[in-house]
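Structural features, examined
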Amino acid sequence: MIAQSLSGAWQMREVNSSKWLSATVPGGTYTDLLAAGQIPDPFIGENEKEVQWVADRDWEYCQEFIVTPELLGEDRVELVCGGLDTLAEIALNGQVLGQTNNMFRTYRWEVKERLFSGINTLTVIFRSPVAYIDAHQKARKLPTLMNGGMAHLRKVQSHFGWDWGPRLPISGIWREIKLEGFSAAQLGEVHLQQHHDQGKVSLTATVQIEQWNANNLNLELYLTHPNGKTQQVTASEKGSNEPIRLVLDIDSPQLWWPNGLGAQPLYQAQIKLTDHGRCLDDQTFQIGLRQLELCQDPDPWGRTFTFVVNGVPIFAKGADWIPADSFPARLTPEHYERWIRDCAAANMNMLRVWGGGYYEDEAFYDLCDRYGILVWQDFMFACAAYPLDEPEFLENVQVEVQEAIRRLRHRACLALWNGNNEIEMMWGLWKKHKSLTAACDRFFYQQLPAWVAELDPDHPYWPSSPSSGNFMQKTNSDAFGDTHLWQVWHGLKPFKYFRRRFTRFASEFGLEALPSLETITEFAGTNPVDLDSQGMHHHQRSVGGNDKMLYYLLDRFRLPVSFSDLVYLTQIQQAEAIRIGVEHWRRNRPRCSGALYWQLNDCWPVTSWASVDHAGHWKALQYAARRFYAPVALSLEEDGSLVRVFVANDHPQPWQGTWHWSLETLNGEMVETNSEQLTASPLSATCLHEFDFARAVKKYGAAHLVFTAALFSGDQCLSRQTTLFAKEKQIALPDPELHWTMTQEEDHLVMAVTANAFARFVWLQLEGSNSIFSNNFFDVVACETVQVSCPLPAGWTLEQAQCCLHVRSLADVVYTGSKVSDAVKHLLLGLKPASLFTRIIFNFIE
Ligand code: BMA
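Just so we're clear, the structure is a prediction, and the values are computed from it rather than from any experiment.

What counts, and at which threshold
Residues numbered from 1 in each chain as written. Predicted model: local features only at pLDDT ≥ 70, side-chain atom pairs only at ≥ 80, totals over all residues. Heavy atoms only, no water. Helix = DSSP H or I, 4+ residues; strand = E, 2+ residues; numbered from the N terminus. Rg over C-alpha atoms; globule rule 2.2 N^0.38 Å. Buried < 20%, exposed > 50% of the residue type's maximum accessible area, 1.4 Å probe, protein only. Areas by Shrake-Rupley, 256 points an atom, 1.4 Å probe, with all protein chains shown as cover. Polar contact = N/O pair within 3.5 Å; in protein donor to acceptor, adjacent residues only side chain to side chain. Contact = heavy atoms within 4.5 Å. Near = heavy atom within 4 Å. Nonpolar A, V, L, I, M, F, W, Y, C, P; charged D, E, K, R; others polar. Core = buried A, V, L, I, M, F, W, Y, C linked by side-chain atoms within 4.5 Å. Pairing = 2+ DSSP bridges. Axes fitted to C-alpha atoms, helices over the stretch in contact; angles between N-to-C directions.

Our focus in this paragraph is the overall build of the protein chain. Across its full length, the protein chain holds 18 helices and 47 strands. Taken over the C-alpha trace, the protein chain has a radius of gyration of 28 Å; the compact-globule value for 846 residues is 28 Å, and the two agree within 12%. Projected onto its principal axes, the C-alpha coordinates of the protein chain cover approximately 90 × 65 × 65 Å. Burial status across the protein chain gives 60% buried among its 846 residues. Carbon and sulfur atoms make up 50% of the accessible area of the protein chain, which totals about 31900 Å².

As structure tokens, this is what we get:
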């Protein structure tokens, strides 16, 4: 096989315009117009409004190219389009090859007869996606809660806007485009499957070959082990068109594990088609050896929902993943690496690829394999009724999902195929649409699972998220299936609501926070940054979102004077909400087997539920995730003067160590303290102790005490928790007189932070850098020193870093107004129409 890329420099223009502009492929309209200086950056201020016209127009892309003589010498030449977004008409040298209407599919055309040996011209015309969905919605009104008409088009649904994303329906060639030439034969479908039996693993490759002019075909399977060693098996093919099976027993197989449970040894499997030793075609796959199932066994509470990897039931820890940029083609493998590395660094082992985005790039799955991040893969349907009763639509979707299954089924990281996002949950609203209801039931509960079972019998299928497993029956139940728990945030319930929910698997729950000040400055300008500015409103898409953020902030804190403190406090509230939920569900393992919070990332700079903002700055939540997702983690269940201490142990073996605890005043007067040995049971949580501090609380006052517990392996502190006995707004925090030292250890900075009195939520910032600290937004008790490290930013000196470090804590926040005015504001925020509306709905859903 010979390939010739057609990616790179192209030309683009509005259809019928005479003005050609330079374009980049892969790419799209918005990014090309931006690069050509034709539109302002849609991510800044309210520019998004100014650029809506782009998606209303039709656009033409064009490239002239010369085909290499070798390629023209092949028997067969195909034009391969890895992604056309979306309504494209493709013409080669003036002859139309075809039209497309699904950005998730790969399209191939045989083009040898149409290619010249001189200059060739390829043109692709993209029709307006907005005009298309409007016209189709007019002809047939599909019910949805957002973006009327989007469900008619197989395009990223959130391109039309979402409650965290802008409406920027880009068009263009968004994935690789190339020519491929073949002679004599070519590889068709390749299916790799593993068979595990008592420590032995065999690999089977079932390979389809298309041949037209071969006489001595050989098919080879090469396996390269993680240590470089290779194994190989060969079969010869004598002209039949039956699939060929190659089986290889793997020497000393090394198992792949999710992050935190073991290593991720990766093997390369290469399939090579040769004729008299000449390679005709080949394909390479990265694989990891593991078994995986989703156990749904009856138990005293209902039915489990537990992923079992290599026989070990795991607690899934992670977040929901949305497209990492509104313009997908500009994401590089380096971007993906940073995202996935940040997940592994926060002790995550699972991401859910959400159904309103797209089937991700190979780079994404490569990295998930490499970092041990399991993927809960949604099919691309979200929050709408799809016209699955229209044969043409269904046929289009069938090709799309089958391609996605074939592309991803060999992946070590793949854990689950999931039908859609929230369609089962919403369907109660759409029951009266009889034909759509029947089609939805048929598709997600019969057809799609049958296709998955046929093409990928080795992975489980789940019809919807959330789902009970059955259409419109008790969705979001704590007895079975997965749940989306939006009573906190949309329903304005207190965080402790999570503790009343004994879900089997929480696949969505979240709270918004502001992104970092750097990111805000980038999109909203510097002066004055104010939550009520146009720019801040524009970059907030959840209805009443800013009010809800303030509502939650005022539940526990007071209204700060500075905007930077508003960022700090909203981020702390977000981290606290998710921590309370996750710790509760980990305490209730195995009743609960997973927590994926909404959401990991953003597609543009925005105020949202993300734990890492669009620029890659970690919010307080991402740091908290590193702590509450730690493999061995302490948690405290406080209730008035009662404190129950738990340790969750994700290892399949018991864990032994010591734990220390102390009850002291905020100024450091010790009330009680002790330390003990402990053994934490495997794959569960162990209650270490239940304290009742009623007497101490009476003596010292609830607003003056802090309880701390810490877990040690030798003298290494693995997990640490503190709890107060009153809300922060009721406590007069003493000045902790924080002081710190900074030293350099090779390419790292090491900070030692000491407090003279209890310091709440200590926040380190290295101004001008995006360095990730080993810990942040943590508590320090009186006279304690906590060590934190971070990479020394490239090109920096220690002295420079010392000047740029800011260390502060909650005691530094200056409040505006009074406790009474804050209380009134809190009350009023909860009564705002948008808040009331979602409150009523989510109380009703519960
Ligand atoms: C969930 C998601 C998204 C949405 C999020 C926040 O339901 O599936 O549709 O962005 O809630 O509202």
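Glancing now at the side chain of Asp478. Within the element layout of this structure, Asp478 appears in the loop between strand S31 (461-462) and strand S32 (483-484). Reaching out from Asp478, the side chain makes a polar contact with the backbone nitrogen of Phe502 at a distance of 3.0 Å. At 3.5 Å, the side chain of Asp478 forms a polar contact with the backbone nitrogen of Thr503.

A few words now on the side chain of Asp320. Within the secondary structure layout, Asp320 lies in strand S27 (residues 316-321). Within the structure, the side chain of Asp320 is placed 2.9 Å from the side chain of Arg352, a separation counted as a polar contact. Once you skip the residues sitting within four places of it in the chain, Asp320 turns out to touch Arg352, Ser507, Glu508, Leu596, Tyr597, Trp598, Gln599, Leu600 and Asn601.

With that out of the way, let us pick up the site of the ligand. Trp162, Asp163, Trp164, Trp354, Cys383, Asn421, Glu422, Trp486, His490, Glu508, Trp598 and Trp609 make up every residue found near the ligand. Contacts to the ligand include His490, whose side-chain N or O atom sits 2.8 Å from an oxygen atom. When the ligand sits alone it has 300 Å² of accessible area, and the protein chains cover 94% of it. Residue classes in the shell around the ligand are distributed as 7 nonpolar, 2 polar and 3 charged.

Moving on, we come to the nonpolar core. In terms of nonpolar packing, the biggest core is built from 199 residues, with Leu79 and Tyr597 touching the most fellow members. Here this core gets 12 residues from one element, more than from any other, and that element is helix H13 (residues 563-587). Apart from residues no more than four positions distant in its own chain, Leu79 is found in contact with Leu6, Ile90, Leu97, Tyr107, Arg108, Trp109, Val111, Leu122, Ile177, Lys178 and Leu179. Core analysis: the second largest hydrophobic core is formed by 28 residues, Leu187, Ala235, Leu248 and Tyr267 among them.

A few words on the sheet that holds strand S10 (residues 119-126). Read across the open sheet, the 6 strands follow the order S3-S2-S4-S10-S7-S8; overall the sheet is antiparallel. Each of the sheet's edge strands pairs with one partner strand only, and the pair in question is strand S3 (21-25) and strand S8 (95-100). Ignoring which end each strand starts from, the neighbouring axes of this sheet average 25 degrees apart. As paired elements, strand S2 (residues 8-14) and S3 share 5 bridges and run antiparallel to each other. Each bridged residue has a counterpart across the sheet, and for Met12 the counterpart in S3 is Leu21.

Shape descriptors only; they carry no functional weight alone.
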